[in-house]
Amino acid sequence: MEIWINPACSKCRSALTLLDAEGADYTVRRYLEDVPSEAEIKDVLDRLGLEPWDITRTQEAAAKELGLREWARDESSRDRWIKALSEHPKLIQRPIITAEDGTAVVGRTDEAVRDALSR
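Predicted model, so just to flag it, every value in this text is computed and none were measured.

Caption draft 1: Region of interest: the sheet that holds strand β3 (residues 96-98). The mixed open sheet is built from 4 strands, whose spatial order is β2-β1-β3-β4. For this open sheet the edge positions go to β2 (27-30) and β4 (104-106), each flanked by a neighbour on one side alone. The sheet shows a mean angle of 20 degrees between the axes of neighbouring strands, direction not considered. Running over the sheet, helix α1 (residues 10-21) touches β1 (2-5) and β2 and is turned about 155 degrees from β1. Taken strand by strand, helix α5 (residues 110-117) contacts β3 and β4, and its axis lies near 170 degrees from that of β4.

What follows is the structure, encoded as structure tokens:
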């Protein structure tokens, strides 16, 4: 199990606390420092069953600078979104936990973190 975190994020810290309390075996990826490639983002999106715009933090300054709210949200625009997430990792929703069964969850709640643990 791997968890993508931003240490400054309270949701990430809560997820780590819960994983520790449950005795989970996991690795931490500080994705702002160890930036995921476009291929890794595609893999995580497949595991999440989501599209890139579903995990994009559209309120971030970089999102506003890029004009993401105006970007199309369709298959032909998917790679453009993924490239933006890779070039601006702060736009990626957090934390993301890859579960043992090959799926992933956005662990913003205790329930989502427990869901990842149960897989």
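After that view, the rundown keeps rolling.
Caption draft 2: Focus on the environment of Glu 22. Tracing the backbone through its elements, the reader meets Glu 22 in the loop between α1 and β2. A relative accessible area of 47% places Glu 22 in the partly exposed class. Considering only alpha carbons, one finds Glu 22 and Ile 3, 19 residues apart in sequence, at a separation of 15 Å.

Caption draft 3: Representation of the pattern of salt bridges. Enumeration over the complete set of coordinates arrives at 8 salt bridges. Between Arg 29 and Glu 40 there is a salt bridge, with its nearest N and O atoms 3.0 Å apart. With Arg 29 in strand β2 and Glu 40 in helix α2 (residues 38-48), this pair connects stretches of sequence that are 11 residues apart. Salt-bridge contacts for Asp 46 lead to Arg 78; the nearest nitrogen and oxygen are separated by 4.0 Å. Here Asp 46, found in helix α2, pairs with Arg 78, found in helix α4 (residues 78-87); they are 32 residues apart in sequence, far enough to count as distant. Among the ionic contacts, a cluster of salt bridges with common partners joins Arg 29, Asp 34 and Glu 40.

Criteria and cut-off values
The residue numbers shown here count from 1 along each chain, following its written sequence. Where totals are concerned, whole chains, interfaces and linings use all residues; where local detail is concerned, this predicted model gives features only for residues with pLDDT of at least 70, and gives and counts side-chain atom pairs only at 80 or more. Derived side-chain values reflect all non-hydrogen atoms in the structure, with water molecules and hydrogen atoms excluded from consideration. A pair of strands is treated as paired once DSSP finds two or more bridges between them. Starting at the N terminus, helices and strands are each numbered in turn, a helix being any DSSP run of H or I of at least four residues and a strand any DSSP run of E of at least two. To define axes, lines are fitted to C-alpha atoms, for helices over the stretch in contact only, and angles between the resulting N-to-C directions are given on a 0 to 180 degree scale. Here, residues are in contact when the closest pair of their heavy atoms is within 4.5 Å. To sort residues, take the accessible area from a 1.4 Å probe on protein chains only and compare it with the maximum for the residue type: under 20% means buried, over 50% means exposed, and anything in between is partly exposed. Every case where a carboxyl oxygen of Asp or Glu lies within 4 Å of a side-chain nitrogen of Lys or Arg is listed as a salt bridge.

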